[in-house]
Amino acid sequence: MNKFSGIYILWYREILIYLRNSLKFFTSIFLPLLFLVFFGTGLKTIFPLVSLPYDFAEFFFPGILALSVATMALSSTMSIVWDREFGFLKEILVSPVPRSYIALGKILGAASTALIEGALLLLVTPYLGINFSLKIFFGGLAVIFLIAYGMAALGIFLTARIKRTESFSILLQLIITPMVFLSGAFFPINNSPHWMVSLSKYNPLTYGINSLRWVILSHTLPTSTINQLTTNSFISSLLIFILFSIIITILSLQLFKRLT
Amino acid sequence: MSRDVKNIQEEILEVIQVENLRKKYGAIKAVDGISFSVKKGEIFGFLGPNGAGKTTTINILCTLTRPTTGVSYINGYNVNSCPNQVRNSIGLVFQEITLDNHLTAEENLFLHAMLYGVSRKEFIQRKIEVLKLCELWEKRKMRIEHFSGGMKRRLEIARALINQPKILFLDEPTIGLDPQTRKKIWDYIFNVRKKKDITIFLTTQYLNEAESCDRVAIIDHGKIIALDTPENLKKMIGNDIITMKTEDNEKAETEFKQRFPEYSIKRLGKEIKIEVDKGDEFLPILVKSLPSKIISLELRRPTLEDVFLELTGRQIRENNNGKLEEEIPSFDLSTLFSFFAAPKKEENNKNSKK
C-alpha cells in the first residue's frame, strides 16, 4: 500500500481543521496583531528608546511573528492529547500506516498551518516601517516553516507520553512558558543578567527567533544593530536550529513508535 | 517464516485461531490461557462481565496489545510477527467512539480509506455502498458533533467496512445505547454479514445479544468457561426452568427434595429455581404435591443467563456496577506533585481497569 497516503491524509486533516474552524483561524491572525498593537505600544512607553538605534516595532515584530508561529505549531501537534481524550487517536494508531509516517504527517500538517498564519502576518511588515522585498518575504517564509517544523516536532515529543489532559496543562506551564520568556521575543536577551543569557543558550526557540530577525531586518538595520538584538549570527543560529529540528524529529518519531 | 503465514495457498476456513493466549498486567491475569477458533462467515460472540478479559483479547487480536505468551492467527497471519497484514485484514469498532468530531461523516470515511491505502476511485464507490448500508447517506455532509450516539455507532461500522475487511471486530457495539437503537445496530450487523461475506467477532455483556450469535464463548476471569452455539449451551443445563416463590422457601425446599430427589433445586434470593425435563407436564404435579403455600410460579426455557449462573455461580450483572469512572480534570498542587512523584501510579490504574 502507498504509505505516503498516510502522511498526506494527516497533513490534509490538520489544514482542513485549521481552515474550517473560522474562529481558530481568525484568532491565529488577530491575536498576534493585538499583541503587536497594544502590548508593543505599551512596552514602547517604558523602554528608554531615545538611546537605541532601532525602532521598537522593528525589534518586537519578528519576535511576535516567530512566537505566534511557534505556538500555532506546538498547539497543533499537542492536540494529540485531545485526540486521545476523544478516542480518535486510536483510530489512527490501529491503521496499517507506520507510526513514524503518522507523526511526520502530523508535524508537516502543523508546520503548514503555521506557515499559512506566518505568510499572512508577514504581509503586515511594510506597515511597520520595515523595508520589505520579495526576498525578505520568501526568506521569511522559509525560516517560519523551519521554526514551525521544529516546534511541531517538539510538540509531538512532549505529548507522546501524556495520557491525561491535566498533565498537559502542567507541561504547558513548566516547559512552554519559560521557553517563550527566555527566547528573546519580548526583550533583547543580550542585555539581561548573565544567568538568563546562559539559560537562553539552551532554548531552541532563541535560535529560531534570531534567524527570523536577521532575515526580516536585513534591509532595515545595519548588521551591527541586529547583532545587538540577537545572540548569534544568522548562519550559526540557522544551523543550530536545523540541528535541533533534526534531533527532535528523530526523538519524537522514536517516541511515537512506542505510543500505545 | 512458515509459522508466520499459515496455509496461505489453500482457502482459510478458520479465520481466527488462538492458541493458549495469556496476558498479564503485573500480578493481574487479564487473559489466562484461552484457545479457540472462529470459522469463516460466523458471528462469534464473546460473552462475559466487565473485566473478564474481552477487550484485552480483542486488543491482542487487533495487534494493539502484545500478549505475554501464546500465538494467534488472523486470516492466516501471525498477529505477533505480521501486524501490518493483520491490520489490513480487519475492521475494528472500539468500545468507545473514535470518530473525528471536527470532520463530517464523509471526511471521516475518507480519512480511514487513505489510512488503509484505498484508492480514491474505489473509495467513491465503497463510500456510497457503506453509507447506504448503514442508512447514513443523507447525513454524509453533517459534522460528527451533531450526530446521535446510534448514528455515530453506525458510521463507525460503515467506516470499518471501507477497507473491505475479512473480519469485523466489534467491541461492545451497543454499549450505552437505548434498547431501540441497540436492536437497530443488530439489524445492521446481520445485514452486513448477509451482504459482505464477512466474519464478525464481537464482545458483549448483554445476554440477549449473545443469543443472536452463531457461537458464543463465555469468558470469566480471563478464562473461557464454555464455548458452543447458544442452543447447545442452553441444553447444557438441561431443560425447562421453574422459578417459584412460596411462603416458606426453606420448608418447600426440603419437601421438594423428599418428593422429587431426581431434580435439581436451588434457592436464589427469595425464589426457588427448579430444573425439570418437561415443565408443562410437571407443573400441575408440583402444585398438587407440594404442601407449602405457593405465592407465584413461572415456567420458562433456559437462557444464557442461566448458563452463566450455572457455570460461575453468580449472575452476569452482579459485578456490573464497577463502570469506568470519568476522571475530572482539575489542576491543583497535589496533581502537580503526583505528576512528578508518582507517575507509575497512573499506569497501574490504567491497567487494572482493563
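Quick caveat, the model's predicted, so the values are computed rather than measured.

**Focus: the side chain of B:Arg126**
Residue and element names in this part refer to chain B.
- With respect to the element layout, Arg126 can be found in helix α4 (residues 120-133).
- Taking the relative accessible area as the measure of exposure, Arg126 reaches 11% and is therefore buried.
- A distance of 2.7 Å separates the side chain of Arg126 from the backbone oxygen of Ile162, its partner in a polar contact.
- The residues contacting Arg126, other than those within four sequence positions of it, are Val118, Ile162, Asn163 and Gln164.

**Focus on the nonpolar core**
- Counting residues in hydrophobic clusters, the biggest one holds 160 residues, and the most contacted among them are A:Met151, B:Ile16, B:Phe36, B:Phe169 and B:Phe201.
- Sorting elements by how many residues they give to this core places helix α3 (residues 56-78) of chain A first, with 14 residues.
- If we skip the residues at most four places from it in the chain, A:Met151 touches A:Ala70, A:Ala73, A:Leu74, A:Thr77, A:Met179, A:Pro204, A:Leu205, A:Phe241 and A:Phe244.
- Counting residues in hydrophobic clusters, the runner-up holds 12 residues, among them B:Met244, B:Ile272, B:Ile274 and B:Leu290.

**Some remarks on helix α10 (residues 279-289) of chain B**
Residues and elements named next belong to chain B.
- Regarding α10, the residues found buried are Gly279, Phe282, Leu286 and Ser289. Summarising the axial view, the buried residues of α10 lie within an arc of 95°, below the 170-degree limit, and thus occupy one face. α10 presents Asp280, Glu281 and Lys288 as exposed residues on the side facing more than 90 degrees away from its buried surface.
- Next to the buried residues of α10 lie β11 (240-246), α9 (249-259), β13 (271-276) and β14 (294-300).

**Observations concerning the packing of aromatic side chains**
- Throughout the structure, instances matching the rule amount to 26 aromatic pairs over all chains.
- Here B:Trp186 and B:Phe190 contribute two aromatic rings whose centre-to-centre distance is 5.5 Å and whose plane-to-plane angle is 50°, an arrangement assigned as tilted. Highlighted residues: B:Trp186 and B:Phe190, both in helix α6 (residues 179-196), separated by four residues, approximately one helical turn.
- Here B:Phe190 falls in the partly exposed class, since its relative accessible area comes to 31%.
- An aromatic cluster of at least three residues, connected via ring pairs, comprises A:Tyr8, A:Trp11, A:Tyr12, B:Phe110 and B:Phe123.
- The ring of B:Trp137 is capped by B:Arg140, whose NZ or CZ atom sits 3.9 Å from the centre of that ring.

**Considering the interface of chain B and chain A**
- Opposite the 38 residues of chain B that make contact, chain A presents 30 residues.
- Across the chain B/chain A interface, buried area totals approximately 3,200 Å², and carbon plus sulfur atoms make up 62% of it.
- For the salt bridge of B:Asp100 with A:Arg13, the shortest nitrogen-to-oxygen distance reads 2.3 Å.
- In this assembly, chain B and chain A are joined by 10 residue pairs in polar contact (both at pLDDT 80 or more).
- When contributions to the side of chain B that touches chain A are tallied by element, the ones reaching two or more residues are α2 (83-89), α3 (105-115), α12 (333-341) and α13 (343-353) of chain B.
- Considering each element in turn, the side of chain B that touches chain A owes the most residues, seven residues, to α3(B).

Here is what the cut-offs are and how they apply
- Residues numbered from 1 in each chain as written.
- Chains lettered and ligands numbered in written order.
- Predicted model: local features only at pLDDT ≥ 70, side-chain atom pairs only at ≥ 80, totals over all residues.
- Heavy atoms only, no water.
- Helix = DSSP H or I, 4+ residues; strand = E, 2+ residues; numbered from the N terminus.
- Buried < 20%, exposed > 50% of the residue type's maximum accessible area, 1.4 Å probe, protein only.
- Polar contact = N/O pair within 3.5 Å; in protein donor to acceptor, adjacent residues only side chain to side chain.
- Contact = heavy atoms within 4.5 Å.
- Core = buried A, V, L, I, M, F, W, Y, C linked by side-chain atoms within 4.5 Å.
- Arc of directions from axis to C-beta.
- Phe/Tyr/Trp six-rings, centres within 6.5 Å; stacked < 30°, edge-to-face > 60°.
- Lys NZ or Arg CZ within 6 Å of the ring centre and 35° of its normal.
- Buried area = accessible area lost by both parts, 1.4 Å probe.
- Salt bridge = Lys/Arg side-chain N within 4 Å of Asp/Glu carboxyl O.

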